[in-house]
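In case you want the letters, here they are:
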Amino acid sequence: MSGSLFDDDAPAPGAPSGVAPPVVPLPELLRPKTLDEVIGQTHLLGEGKPLQLAFKSGKPHSMIFWGPPGVGKTTLARLTASAFGCEFIALSAVLSGVKDIREAVERAQQYAAQRRRTILFVDEIHRFNKAQQDALLPHVESGLFTFIGATTENPSFEVNSALLSRAQVYVLKSLSEAELRQLVARALGALQPLTLDEAAVSTLVGYADGDARRLLHLLEQCQTAAQAAGVTGVDAEFITRSLSLNARRFDKGGDHFYDQISALHKSVRGSNPDGALYWLCRMLDGGADARYLSRRIVRMAWEDIGLADPRALQIANDAAATFERLGSPEGELALAQAVIYLAVAPKSNAGYNAYNAARAFVKQDGSREVPVHLRNAPTRLMKELGYGHEYRYAHDEPHAYAAGETYLPDGMAEPRWYQPVPRGLESKIAEKLAFLRQLDEDAGTGD
């Protein structure tokens, strides 16, 4: 929590005389010591906002910080302990097990015996299994310690409901461009004589992608590269030439992944080709599996366009096949054009709704018999029993339609699950169905 782990002029405890202390990483060096030093999260820390009021209350409560990497979850946990004068015990759910939880409980009990309060911080709480999370519950309920968890995953899915119900969830946000620039200005004070021009700052802020820790690591790399090159002034060209700049933050298995898939699907459904292209490119840029995206694109065609434009289904399938043949990056163009076509195609979820309605009906309905006239009769016995008797062969009827014929189980009314929309090819389908139903009415069997 402090700005430096060791005094600047003193060796690290236990280090041999004359050995330089370890270099403190820039994120640790600049870790805020007070709430006023925190950059970002003004929706929680601003005047009259939830966390600011919580700190003023003087009463710590269990909480979960949910947000992307590098937005200050650990820092806020440490500041909470400092603000309330509590002992701070930190566990990493990646590295800790039941034994570590037991040891933390014992330490908290020792502090309690000395009338000292404890905050137990569990980083990446979503990595704890149910048994490990359950092990915390009795001690949270007894007040032995105040629990603070940090997670990049949706706690609704990853944290036990019992533990979740005992903690207030605070959603942390990625830092804005202005906030990241503020952090750059603060960091350059510790990296003197390093200087960056405006284009260099914009480049670093862009690649930080809202992640303060990533930004500070990039600045450290920048300083190291500048020292090696014997320069102090850095421009954007130097950064792109000298640093390893990774793609944007993308969690292939977490909430960000499914949020972006949702945004892509809804952009297609909403007939917005630019939005669809943006989210497709965001996911490809972040390392999403293009084969997974191609499967989702085919699904979009069936779910949201359907029979309003059957060409969309073919284009989606062709794009998936093209990607399989060409691979990346050439095949990605096919996926891009597929989402454009799907976005501008006429929309219909009539087939999707009809299927879901039929499935729901069948699931709750009894096992109705197949009407005798619809049964096949490959044997003499079946013919004698009337199988297939009075079945009307549609091709022999006017308009190739057996007006008045029934195809549902006896006694079952026409459910009319499929209701074509007045768009694209389905408008023609609607006209055809209306014509056939008129034929049924003329035959005296219309419902």
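Quantities reported herein were computed from a predicted structural model and do not represent experimental measurements.

*Asks:* How should the confidence of the model for the protein chain be read in this particular structure?
*Replies:* Atom-level detail of predicted coordinates should not be read off regions where pLDDT is low. Mean pLDDT over the protein chain stands at 88; residues scoring 70 or higher make up 92%. Confidence scores differ between elements of the protein chain, with helix H19 (residues 380-384) showing the lowest mean pLDDT of 82 and helix H17 (residues 332-344) the highest of 96. Every residue in residues 1-15 is under pLDDT 50, and counting partners more than four places away or in other chains gives 24 contacts.

*Asks:* Please clarify how the pattern of salt bridges should be interpreted in this entry.
*Replies:* Between side chains of opposite charge, pairing is possible as soon as their charged atoms come close. Applying the stated criterion across every chain yields a total of 18 salt bridges. Its salt-bridge partner being Glu-177, residue Arg-181 comes within 3.2 Å of it at the nearest N-O pair. Here Arg-181 and its partner Glu-177 are both found in helix H9 (residues 177-190), 4 residues apart, which amounts to about one turn of the helix. Linking Glu-324 and Arg-291 is a salt bridge whose minimum nitrogen-to-oxygen distance equals 3.1 Å. With a gap of 33 residues between them, Glu-324 in helix H16 (residues 310-326) and Arg-291 in helix H15 (residues 290-305) connect regions that are remote in the sequence. Here Glu-324 falls in the partly exposed class, since its relative accessible area comes to 47%. You can call Arg-291 partly exposed: its relative accessible area is 37%. It is possible to trace a salt-bridge network through shared partners that takes in Arg-269, Arg-299, Glu-303 and Asp-304.

*Asks:* In this structure, what is going on with the packing of H15 against H17? I would like to understand it.
*Replies:* When two helices pack together, their arrangement is given by the angle between the helix axes and by the axis-to-axis distance. Contact pair H15 / H17: the axes reach a minimum separation of 11 Å and the direction vectors enclose 15°. By the angle between their directions, the pair H15 and H17 is classed as roughly parallel. Note on packing geometry: the crossing formed by H15 with H17 is left-handed. Of the residues in H17, those in contact with Ala-290, Ser-294, Ile-297, Met-300, Ala-301 and Ile-305 of H15 are Leu-335, Ala-338, Val-339 and Leu-342. Considering only residue class, the contact of H15 with H17 consists of 9 nonpolar, 1 polar and no charged.

*Asks:* I keep staring at the packing of aromatic side chains and nothing clicks. Help me out?
*Replies:* Each aromatic ring pair is characterised by the separation of its centres together with the angle its planes make. Using the criterion set out here, one finds 5 aromatic pairs in the structure. Ring geometry for Phe-55 against Phe-84: centres 5.8 Å apart, planes inclined by 15°, an arrangement best described as stacked. On the criterion of sequence distance, the pair formed by Phe-55 in helix H3 (residues 50-57) and Phe-84 in the loop between helix H4 (73-83) and strand S2 (87-92) is long-range, its members being 29 residues apart. The class of Phe-55 is buried, set by a relative accessible area of 13%. On the basis of an interplanar angle of 40° and a centroid distance of 6.2 Å, the ring pair of Phe-65 and Tyr-170 is categorised as tilted. Residue Phe-65 is located in strand S1 (residues 63-66), and its partner Tyr-170 is located in strand S5 (residues 168-171); the two are separated by 105 residues in the primary sequence. On the basis of relative accessible area, Phe-65 is assigned to the buried category, the value being 0%.

*Asks:* Honestly, a nonpolar patch on the surface in this entry has me stumped. Any pointers?
*Replies:* A contiguous nonpolar surface patch, about 350 Å² in accessible area, is contributed by Tyr-391, Tyr-393 and Tyr-407. Take Tyr-391: it is sitting in the loop between H19 and helix H20 (424-442). Judged by relative accessible area, Tyr-391 falls into the partly exposed class, the value being 42%.

*Asks:* Can you walk me through the nonpolar core in this structure?
*Replies:* Note on soluble globular proteins: their nonpolar side chains tend to be buried together. Residues Leu-51, Phe-65, Tyr-170, Leu-196, Leu-204, Leu-215 and Leu-219 are the most contacted members of the largest nonpolar core, which totals 50 residues. With 8 residues, the top contributor of residues to this core is helix H11 (residues 212-229). Those residues in contact with Leu-215, other than ones at most four positions away along the chain, are Leu-180, Leu-183, Val-184, Leu-204, Val-205 and Ala-208. Core analysis: the second largest hydrophobic core is formed by 30 residues, Leu-264, Met-283, Leu-284 and Ala-320 among them.

*Asks:* For this particular structure, what's the right way to read the pairing of S2?
*Replies:* Every regular strand shows the same layout, with side chains that alternate between the two sheet faces. Sheet analysis places S2 next to strand S3 (residues 118-123), joined by 6 bridges and oriented parallel. Of the residues in S3, the one forming a bridge with Leu-91 is Val-122. Between S2 and its parallel partner S3, the chain crosses via helix H5 (residues 98-113), and the hand of that crossover is right-handed.

*Asks:* What should I look at first to understand the sheet that holds strand S4 (residues 146-151) in this one?
*Replies:* Strand-to-strand pairing in sheets goes through backbone hydrogen bonds, with the strands running parallel or antiparallel. Pairing in this open sheet of 5 strands is parallel, and the strands run S2-S3-S4-S1-S5 from one edge to the other. Two strands close off the open sheet at either side, each with one partner strand: S2 and S5. With direction set aside, neighbouring strand axes in the sheet form an average angle of 20°. In terms of strand pairing, S1 meets S5 through 4 bridges, oriented parallel. Bridge assignment links Trp-66 to a residue of S5, and that residue is Val-171. Seen against the sheet, H4 touches S1, S2, S3 and S4 and runs at an angle of roughly 175° to S3.

*Asks:* Looking at this model, I keep getting lost on unusual backbone geometry. Mind explaining?
*Replies:* Where the residue is not glycine, phi is negative for most of them; where a peptide bond is considered, it is trans in most cases. Omega for the peptide link from Gln-192 to Pro-193 comes to 10°, which places this bond in the cis form. The residue Pro-193 is located in the loop between H9 and strand S6 (195-196) in this model. A cis amide bond links Ser-328 with the next residue in sequence, Pro-329, at an omega value of 5°. Relative to the helices and strands, Pro-329 is located in the loop between H16 and H17. Positive phi outside glycine occurs at Gln-41, with the angle close to 60°. Along the polypeptide, Gln-41 turns up in the loop between helix H1 (26-29) and helix H2 (42-45). At Ala-400, a residue that is not glycine, the phi angle is positive and equals roughly 55°. With respect to the helices, strands and loops of the structure, Ala-400 is situated in the loop between H19 and H20. Of the residues examined, Ala-400 reaches a relative accessible area of 44% and is grouped as partly exposed.

Basis of the calculations
Residues numbered from 1 in each chain as written. Predicted model: local features only at pLDDT ≥ 70, side-chain atom pairs only at ≥ 80, totals over all residues. Heavy atoms only, no water. pLDDT = per-residue confidence, 0-100. Helix = DSSP H or I, 4+ residues; strand = E, 2+ residues; numbered from the N terminus. Contact = heavy atoms within 4.5 Å. Salt bridge = Lys/Arg side-chain N within 4 Å of Asp/Glu carboxyl O. Buried < 20%, exposed > 50% of the residue type's maximum accessible area, 1.4 Å probe, protein only. Axes fitted to C-alpha atoms, helices over the stretch in contact; angles between N-to-C directions. Parallel < 35°, antiparallel > 145°, perpendicular 65-115°, else oblique. Left-handed = near helix turned anticlockwise from the far one by under 90°. Nonpolar A, V, L, I, M, F, W, Y, C, P; charged D, E, K, R; others polar. Phe/Tyr/Trp six-rings, centres within 6.5 Å; stacked < 30°, edge-to-face > 60°. Patch = residues over 30% accessible without salt bridge, like charges linked within 9 Å, V, L, I, M, F, W, Y side chains within 5 Å. Areas by Shrake-Rupley, 256 points an atom, 1.4 Å probe, with all protein chains shown as cover. Core = buried A, V, L, I, M, F, W, Y, C linked by side-chain atoms within 4.5 Å. Pairing = 2+ DSSP bridges. Right-handed = clockwise from strand over helix to strand, strands pointing away.

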